[in-house]
Amino acid sequence: MPHPTLFNPSRSLATLAAGLRAQAEIARQRRMLLLSGEASWCREAAASALRGAGFTQVLWVGAQPRAEPAVSAGQVGRFLGRELEAVVFDAHSGFDVDAFGLISGTVRGGGLFILLTPPQAQWAAFPDPEHARIAVYPYRPEEVSGRFLARFAALLAGADGVLALAQGHPLPPLPPPPPPAPPTDPVGDPACRTADQAAAVAALIHVITGQRRRPVVLTSDRGRGKSAALGIAAARLLQGGLRHIVITAPRLEAVGPVFDHAARLLPAAQVTRAHLTLGEGRVEFLPPDELALAPVAADLVLVDEAAAIPTPILERLLGHYPRIAFATTVHGYEGTGRGFAVRFHKVLEARSRGWRAVRMEAPIRWAPGDPLERLVFRSLLLDAAAAPDEVAAGAAPTGCAFERLERAALARDEATLSQLFGLLVLAHYRTRPLDLRHLLDGPNLTVHVARSQGHVVATALVAREGGFDGETARGVWAGRIRPHGHLLPESLAAHLGLEEAPRLRSARVMRIAVHPAAQGRGIGSRLLQEVVESARREGLDLMGSSFGATSELLAFWSGAEFRPVRVSVKRGATSGAHSVIVLRPLSAAGAALFATARGRFLDHLPHLLGATLRELDPAQAMRLLRRGPDEATVGSAAAQWWGLDRQDWEDVTAFAFGRRIYEACLVPVWKLAGRALAEARPMPPAAAEVLTAKVMQGRGWLEVAQLMHLSGRAAVVEALRAALRPLILDYGGGVVQEALERLQVPPADGG
C-alpha cells in the first residue's frame, strides 16, 4: 500500500477524470491529464483516474503499478497503428521523446493521455534515466543539462487541453464544456472513414490500372488512415486478381497496420507478420535495401514511411519497379515528410513520366483541432519550419552573419530553434525528436549557424571527441573499449590501427545543412571554414566527419580540404550507402596522424575496389581514387603500382590499338587506369566510368554493359579501348610509338 501522506485515494480525482473523459468524447478529441509529484503518488493517482474514467483499452509506458498492460519505452513501436482509449506515460522511468511522440498518436478521440512527471519546477533538474543515452565519455549522466525538459515544462504550462494536478495541491476545476465535434461528411466507400481516405485508395489502385511509371506519393499527418488506405488498396487488388504485391518500410513493425487492414477485408486469407496469401495472390514484406539491391518480380510495390528511407534507395526502387507508390508521414517521429518532399520530388520529376501527389488532411482517430496533436507537434518541433524561401533565396556568404549559439539562449528562443531544427529536418532523411533533445542537452555539442536578415539559412552541429589517456587509447585500439559518442577516434584506432588517434582531440561535424533556396552559393563552405577556425583556436588536432557517400557530398568536403581516410566495407543500414570518414588536420600532431591515415587509404583503396568495394558507385569510386594536387607522393606503394615498364606499355598498346584480348593485358591496363584516375586526368565521363567499373572494380562484362547502357561484352571492350588510347598516347612516350609502328596502326589512329 502507498504511504498515506503521498496519496489518499479520492473519488474526487476519479470524478475529475470521468468528467475530463466526457469532455473529450463530446469534442471527439484527446485531452492530457498531467500528474506531477513523487513517482509513487503519480502512479497511484493515475490508477485512480483510470478507474474513475472507466477505460478498458489502456497502455502503461514505464513502471507498472498494478495489472494494467505495460511496456517499456523501447517497446512502444509494437503499437504503431493501434488505437487505444488511454495511455499512461511515466516520465519518472525516463522521458523517451521518440516513444512519447509515437505513442501519443495511438490515443483516439475521446481518450486521455496521462503524463506522470516530477514536480514541474524541479523537472529540469530531475536525474532522468534518458541522460545515459545523451551523455558521452567523459561526461556522466548527471552532467547532462535539463534544457529540453525545462522547455517542455514551460510549453505544458500554457497548453490547451492539459489539466494539471500537482501533489499537495487541490484538484483543479474542469475547463468549460467544449463544443461538440462537427458531423463527419458521408463517405461513399464503405471500407473508408473519410473522403480523403477513399481518394487515397482510388489513387493507389490507379497505379495498377493506369499507365506505367506514374507513381503516387501519399502524404498525411498521423491519425489520417494512411496505413489503412494501403491495406484496403492491397486487399482490393488481390480480390481483383493481382498476384504479387510487395510492401516495404524501414521496419516490419511499421507495416503491421497495413496487413491488419488488408486481413479485415479478406477473412479467407492466411496471414502472418510478413505475409498475406489469398489463393494465388500474396502480399509480402521485404526490407527496402534488399528490395533495391536484389529486385524481385512484383506487380506492385508499396513503400510506407518513405521519409525514413534514404533517397538513394528510393531512387533505385523507382528505377526498378514501374508500378510503385510511396507513402509517408509529414510530421513524423521516424523520418520527416517535409525533407522527403524537398529531396525526392526532384528525383520523381527526373525519373518518372508524371507522378501524382495525394494529401490526406482529415483526421480519422480524432476531430480537427485536437489539442494533444498541437502540443506534440510544438514540443517535439514536428512542425518546425525553416526560414521562408524568399528570405533564403537572397542569402550570400558576404551578407551572412556566422555565429556559435549559446544553447541556454537557444532553448528559450523558439523562433531560432524552430528555424534551425526545421532546416535539419529538410536536410536529413531521418531527423527524430531525440535529435532535438541532443541538440539542446548533448554535453559535447556546439551549434553554429549562418544568418541572413536574422533568419537561419545554414547550420552545423559539431561534437568534441577524443582526448583519452594512453591506457584508454590502447584499449580502444585493441577493441576492448568502445567509448560512446567518439566515432572518429574509435574508427581511426579500431579500423585503421592508429593507436594515437584516441589521444588526440578532434571535432566531428555531425550535421551540416544549408537551406535549399540558398544552396550552391558557398554558404555551407564558408560556415564549415568558420567551424574549422573555431576548432583551431581551441587547440584541437583534427576535424572530420562521417557520412553516407554521394558524389555531391564527396565534392563538397573535398572543396573544403577534407580528405577521405576510410570507406566502410558494407553499406549503412540507415543510409543505404557506404560511409566515408574525411579528415582535415589542425595541428602538427594531427597532421602526422592524418598523413599516415591518408597514405594507408590511398595504398589500400585500389585493392578494396576490386574486392569489398566492388559495388561502390563508379562515380564515387573515381572521386575517392583522386589525389589532391599536393598528394603525388602520398602513399608508399603508389609510384610502384602505377609505374609501367616497357613490356607493360607494349601490352596496353596491343590491347587498345590492336586485337589482343583484355585478360592478357589486365595488370598493365589496371596500372594505367589507376594512374590516370588518381591524377584526375581529364577524360569523358563515360571513359572514366568504364575504367573504374571494369578495370578497377573488376565487375563482370554484362554488369558493366547494363551499368553503361551498352549492348554487351564487345561494346564494353570497344569502350575500354577508346578510353585507354588517349592515356597511352599521353603517358607512353617513345616506346608506344614503336609499338604502334609494329602494330601498323595508321598515324590518324595512333597520333
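Not measured: the values here are computed from a predicted model.

## Re the overall build of the protein chain
Here is step 1: Within the protein chain, the regular secondary structure consists of 30 helices and 21 strands.
Here is step 2: Since a compact globule built from 751 residues should have a radius of gyration of about 27 Å, the 30 Å found for the protein chain is in line with a globular shape.
Here is step 3: In terms of overall dimensions, the protein chain has a C-alpha envelope of 105 × 65 × 50 Å along the principal axes.
Here is step 4: A burial count over the protein chain gives 56% of its 751 residues as buried.
Here is step 5: When contacts within the protein chain are restricted to residue pairs at least 6 apart in sequence, those whose partners lie at least 24 apart make up 75%.
Here is step 6: Total accessible area on the protein chain stands at roughly 31,000 Å², and carbon and sulfur atoms take up 53% of it.
Here is step 7: Separation of charge centres in the protein chain, based on 82 positive and 72 negative side chains, amounts to 2 Å.

## Looking at the packing of aromatic side chains
Here is step 1: A complete count under the given rule lists 18 aromatic pairs for this structure.
Here is step 2: Note on Phe89 and Phe95: the rings are 5.8 Å apart at their centroids and 80° apart in plane angle, and the pair reads as edge-to-face.
Here is step 3: Each member of the aromatic cluster is reached from another via a ring pair, and the members are Phe89, Phe95, Phe100, Phe113, Trp123, Phe148 and Phe152.

## Observations concerning the nonpolar core
Here is step 1: Counting 95 residues, the largest nonpolar core has Phe95, Phe113 and Leu115 as the members making the most contacts within it.
Here is step 2: Of all the elements, helix H7 (residues 226-239) adds the most residues to this core, at eight residues.
Here is step 3: Beyond its immediate sequence surroundings of up to four residues, Leu115 is in contact with Met32, Leu33, Leu34, Leu35, Phe89, Ala91, Phe95, Phe152 and Leu156.
Here is step 4: Ranked by size, the runner-up nonpolar core spans 79 residues in total, among them Ala395, Val457, Leu528 and Val567.

## Notes on the sheet that holds strand S16 (residues 445-452)
Here is step 1: Ordered in space as S15-S16-S17-S18-S19-S21-S20, the seven strands form an open sheet in which the pairing is mixed. Sheet topology places strand S15 (401-405) and strand S20 (563-571) at the edges, where each strand pairs with a single neighbour. Here the strands of the sheet are splayed against their neighbours by 25° on average, with no regard to which way each runs.
Here is step 2: As paired strands, S20 and strand S21 (residues 578-585) are joined by five bridges and run antiparallel to one another. Each residue of the ladder has a partner; that of Pro564, found in S21, is Val582.
Here is step 3: In this fold helix H15 (residues 414-427) packs onto S15, S16, strand S17 (455-466) and strand S18 (505-514), with an angle of close to 75° to the strand it touches most, S17.

## Let's talk about the pattern of salt bridges
Here is step 1: For the structure shown, the criterion picks out 49 salt bridges.
Here is step 2: Residue Glu465 is joined to Arg508 by a salt bridge in which the shortest nitrogen-to-oxygen separation is 2.6 Å. Placement of the pair is Glu465 in strand S17 and Arg508 in strand S18, with a sequence separation of 43 residues. Arg508 carries the same exposure label as Glu465, and that label is buried.

## Details of the pairing of strand S7 (residues 216-220)
Each regular strand displays side chains that alternate between the two surfaces of the sheet.
Here is step 1: Summarising burial for S7: five of the five residues are buried, a large majority.
Here is step 2: Burial along S7 is two-sided: the residues Val216, Leu218 and Ser220 and Val217 and Thr219 are all buried.

## As for the packing of helix H26 (residues 685-696) against helix H28 (residues 713-731)
The packing of two helices is summarised by the inter-axis angle and the distance between the axes.
Here is step 1: Interaxial distance between H26 and H28 falls to 9 Å at its minimum, and their mutual angle equals 115°. Considered as vectors, H26 and H28 are oriented roughly perpendicular to each other. H26 and H28 meet at a crossing whose hand is left-handed. Taken together, the residues of H28 that come into contact with H26 (itself represented by Ala687, Val690, Leu691, Lys694 and Val695) are Val716, Ala719, Leu720, Ala723, Leu724 and Leu727.

## Some details on the sheet that holds strand S8 (residues 244-248)
Here is step 1: Across the sheet, which stays open at both edges, the eight strands sit in the order S9-S10-S11-S8-S12-S13-S7-S14 with mixed pairing between neighbours. The open sheet terminates on both sides in strands that have one partner only, identified here as strand S9 (270-271) and strand S14 (356-360).
Here is step 2: Taken together, the four bridges between S8 and strand S12 (residues 300-303) define a ladder with parallel strand orientation. Paired with Thr248 across the bridge in S12 is Val303.
Here is step 3: Taken strand by strand, helix H10 (residues 311-320) contacts S8, S12 and strand S13 (324-329), and its axis lies near 155° from that of S13.

## Details of the environment of His484
Here is step 1: Along the chain, His484 turns up in the loop between helix H17 (470-478) and helix H18 (487-494).
Here is step 2: Separated by 377 residues in sequence, His484 and Val107 place their C-alpha atoms 35 Å apart.
Here is step 3: Residues contacting His484, with those up to four places away along its chain left out, are Arg133, Ala135, Val136 and Tyr137.
Here is step 4: A polar atom in the side chain of His484 sits 3.3 Å from the backbone oxygen of Arg133.

## Things to note about helix H16 (residues 433-441)
Here is step 1: Within H16, seven of the nine residues are buried, which leaves it mostly tucked inside the rest of the structure.
Here is step 2: Within H16, the full set of buried residues consists of Pro433, Leu434, Leu436, Arg437, Leu439, Leu440 and Asp441.

## Quick notes on the confidence of the model for the protein chain
Here is step 1: Mean pLDDT over the protein chain: 90, with 94% of residues reaching 70 or higher.
Here is step 2: The low-confidence segment residues 333-337, where pLDDT is below 50, has 27 contacts with residues more than four positions distant or belonging to other chains.

## Notes on the pairing of strand S11 (residues 281-285)
Here is step 1: When you tally the buried positions in S11, you get four out of five residues, the bulk of the element.
Here is step 2: Pairing of S8 with S11, which is carried by four bridges, proceeds in the parallel orientation. Bridged to His244 within S11 is Arg282.
Here is step 3: With four bridges joining them, strand S10 (residues 275-278) and S11 adopt antiparallel strand pairing. By the bridge assignment for S11, Leu276 is matched with Val283.
Here is step 4: Hairpin connection of S10 to S11: two residues between the antiparallel strands, including Gly279 at a positive phi of 60°.

## Quick word on the environment of Thr248
Here is step 1: Here Thr248 is to be found in strand S8.
Here is step 2: Considered as a pair, Thr248 and Gly101 are 147 residues apart in the sequence and their alpha carbons are 22 Å apart.
Here is step 3: Once residues lying within four places of it in the same chain are set aside, the contact partners of Thr248 are Val255, Phe285, Leu286, Pro287, Pro288, Leu291, Leu302, Val303, Asp304 and Leu317.
Here is step 4: Of note is the side chain of Thr248, whose polar atom sits 2.6 Å from the backbone oxygen of Leu286.

## Structural notes on H17
Here is step 1: Residues of H17 that are buried: Gly470, Thr472, Ala473, Gly475 and Val476.
Here is step 2: Where H17 is buried, its residues meet H18.
Here is step 3: A distance of 3.2 Å separates the backbone nitrogen of Glu471 from a side-chain oxygen at the start of H17, and that oxygen is part of Asp469.
Here is step 4: Two residues or fewer past H17, Gly479 is found with a positive phi of approximately 85°.

## A short note on the layout of surface pockets
Here is step 1: Roughly 580 Å³ of volume is contained in the second largest pocket.
Here is step 2: Along the walls of the second largest pocket sit 29 residues, with Gly81, Ser227, Pro257, His261 and Arg365 positioned nearest its centre.
Here is step 3: Counting residues per element, the ones that place at least two in the lining of the second largest pocket are H7 and helix H8 (256-265).
Here is step 4: Across the lining of the second largest pocket, the residue classes tally to nine nonpolar, eight polar and twelve charged.

Parameters at a glance
- Residues numbered from 1 in each chain as written.
- Predicted model: local features only at pLDDT ≥ 70, side-chain atom pairs only at ≥ 80, totals over all residues.
- Heavy atoms only, no water.
- Helix = DSSP H or I, 4+ residues; strand = E, 2+ residues; numbered from the N terminus.
- Rg over C-alpha atoms; globule rule 2.2 N^0.38 Å.
- Buried < 20%, exposed > 50% of the residue type's maximum accessible area, 1.4 Å probe, protein only.
- Contact = heavy atoms within 4.5 Å.
- Areas by Shrake-Rupley, 256 points an atom, 1.4 Å probe, with all protein chains shown as cover.
- Lys, Arg positive; Asp, Glu negative; His and termini not counted.
- Charge placed at Lys NZ, Arg CZ, Asp CG, Glu CD.
- Phe/Tyr/Trp six-rings, centres within 6.5 Å; stacked < 30°, edge-to-face > 60°.
- Core = buried A, V, L, I, M, F, W, Y, C linked by side-chain atoms within 4.5 Å.
- Pairing = 2+ DSSP bridges.
- Axes fitted to C-alpha atoms, helices over the stretch in contact; angles between N-to-C directions.
- Salt bridge = Lys/Arg side-chain N within 4 Å of Asp/Glu carboxyl O.
- Parallel < 35°, antiparallel > 145°, perpendicular 65-115°, else oblique.
- Left-handed = near helix turned anticlockwise from the far one by under 90°.
- Polar contact = N/O pair within 3.5 Å; in protein donor to acceptor, adjacent residues only side chain to side chain.
- pLDDT = per-residue confidence, 0-100.
- 1 Å grid on protein atoms, 1.4 Å probe; cavity = no way out; pocket = protein on both sides within 12 Å on 5 of 7 lines; lining within 4 Å.
- Points joined across faces, edges and corners; volume = space filled by probe spheres on them.
- Nonpolar A, V, L, I, M, F, W, Y, C, P; charged D, E, K, R; others polar.

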